[in-house]
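# Working through the structure, step by step
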Amino acid sequence: MNDSPTRFPAPAGPAPSAPAAPDSGRRRTVPLDPDEALRLLAGAPLGRIVFTRQALPAIRPVNHIVDDGHIIIRTHESGALVLSTKEAGTRGVVVAYEADDIDTTTRLGWSTVVTGYCHLVTDPDDLARYERLLTPWSDQTMDQVVRIRPDLVTGIRLVHVAETD
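So, here is what we can say about the structure in this document. (Residues numbered from 1 in each chain as written. Predicted model: local features only at pLDDT ≥ 70, side-chain atom pairs only at ≥ 80, totals over all residues. Heavy atoms only, no water.)

### Looking at helix α2 (residues 80-88)
What α2 keeps buried is the set Ala80, Leu81, Val82, Ser84, Thr85 and Ala88. Where α2 ends, the next residue or the one after it, Gly89, has phi of about 70°, a positive value. (Buried < 20%, exposed > 50% of the residue type's maximum accessible area, 1.4 Å probe, protein only. Helix = DSSP H or I, 4+ residues; strand = E, 2+ residues; numbered from the N terminus.)

### Overview of the layout of surface pockets
Its volume calculated, the largest pocket comes out at about 330 Å³. If you go around the largest pocket, you meet 19 residues; those closest to its centre are Arg60, Pro61, Val62, Thr75 and Met142. Sorting the residues of the lining of the largest pocket by element identifies β2 (47-53), β3 (56-62), β5 (70-75) and α2 as the ones contributing at least two each. (1 Å grid on protein atoms, 1.4 Å probe; cavity = no way out; pocket = protein on both sides within 12 Å on 5 of 7 lines; lining within 4 Å. Points joined across faces, edges and corners; volume = space filled by probe spheres on them.)

### Things to note about the nonpolar core
Within the largest apolar cluster, 25 residues are counted, with the highest numbers of intra-cluster contacts made by Ile49, Ile73, Val95, Tyr97 and Ile148. Looking at this core, the elements with two or more residues in it are α1 (34-43), β2, β3, β5, α2, β6 (93-102), β7 (109-120) and β8 (144-160). In this view, Ile148 contacts Ile49, His70, Ile71, Ile73, Val95, Tyr97, Gly116, Tyr117 and Cys118; residues no more than four positions away in its chain are not counted. Core analysis: the next-biggest nonpolar cluster, separate from the first, contains seven residues, Ile65, Ile72, Leu127 and Val145 among them. (Core = buried A, V, L, I, M, F, W, Y, C linked by side-chain atoms within 4.5 Å. Contact = heavy atoms within 4.5 Å.)

### A word on the side chain of Ser111
Along the chain, Ser111 falls in strand β7. Looking at Ser111, the relative accessible area reads 16%, which means it is buried. At 3.1 Å, the side chain of Ser111 and the side chain of Glu98 are in polar contact. Dropping the residues within four chain positions of it, Ser111 is found in contact with Leu32, Glu98, Ala99, Asp100, Thr154, Gly155 and Ile156. (Polar contact = N/O pair within 3.5 Å; in protein donor to acceptor, adjacent residues only side chain to side chain.)

### Points about the environment of Asp126
Locating Asp126 in the fold gives a position in helix α3 (residues 124-133). Overall, Asp126 belongs to the partly exposed group, its relative accessible area being 26%. Separated by 19 residues in sequence, Asp126 and Val145 have C-alpha atoms that sit 9.1 Å apart. Apart from residues no more than four positions distant in its own chain, Asp126 is found in contact with Val121 and Arg147.

Structural data, given as structure tokens:
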């Protein structure tokens with residue numbers, strides 16, 4: 001068995017410009033209440049869905065909307081999330097959904113995680129409505145819609161620590 005790490009060649013093209021030096025001030029995390037965490041998530045353009053596939057964690061970046069407190073995602077028929085959701089049946093599949101907005105220079109921002117059950121949306125009126133409201137970023141045909149019912153909503157905000165703290 002080969003224990004050496006897999007090495008990938010450097011990307012072709014010009015080297016990216018060096019990022020700005022991070023702010024070295026002190027920070028602390030402040031918990032967000034669930035309503036604020038969900039409000040911030042609703043304003044984020046992108047999140048990550050986490051689910052189990054073949055006994056391993058799977059993570060996919062997706063765009064979303066929040067509708068009546070539920071997170072809505074469009075995906076495709078053969079997608080791992082759809083397959084997992086179908087396998088789970090009416091009980092749904094447990095997922096986590098994470099979104100954040102953290103500035104890499106100031107190191108300030110927020111992060112939220114929602115945990116809950118994911119179900120396929122099957123009502124034709126709901127499907128048509130979500131197809132109008134949510135345009136996937138991928139050019140792949142996204143003919144399936146899933147709804148996450150949040151059971152646990154947590155979040156943190158990264159803030160500067162004042163010199164007097």
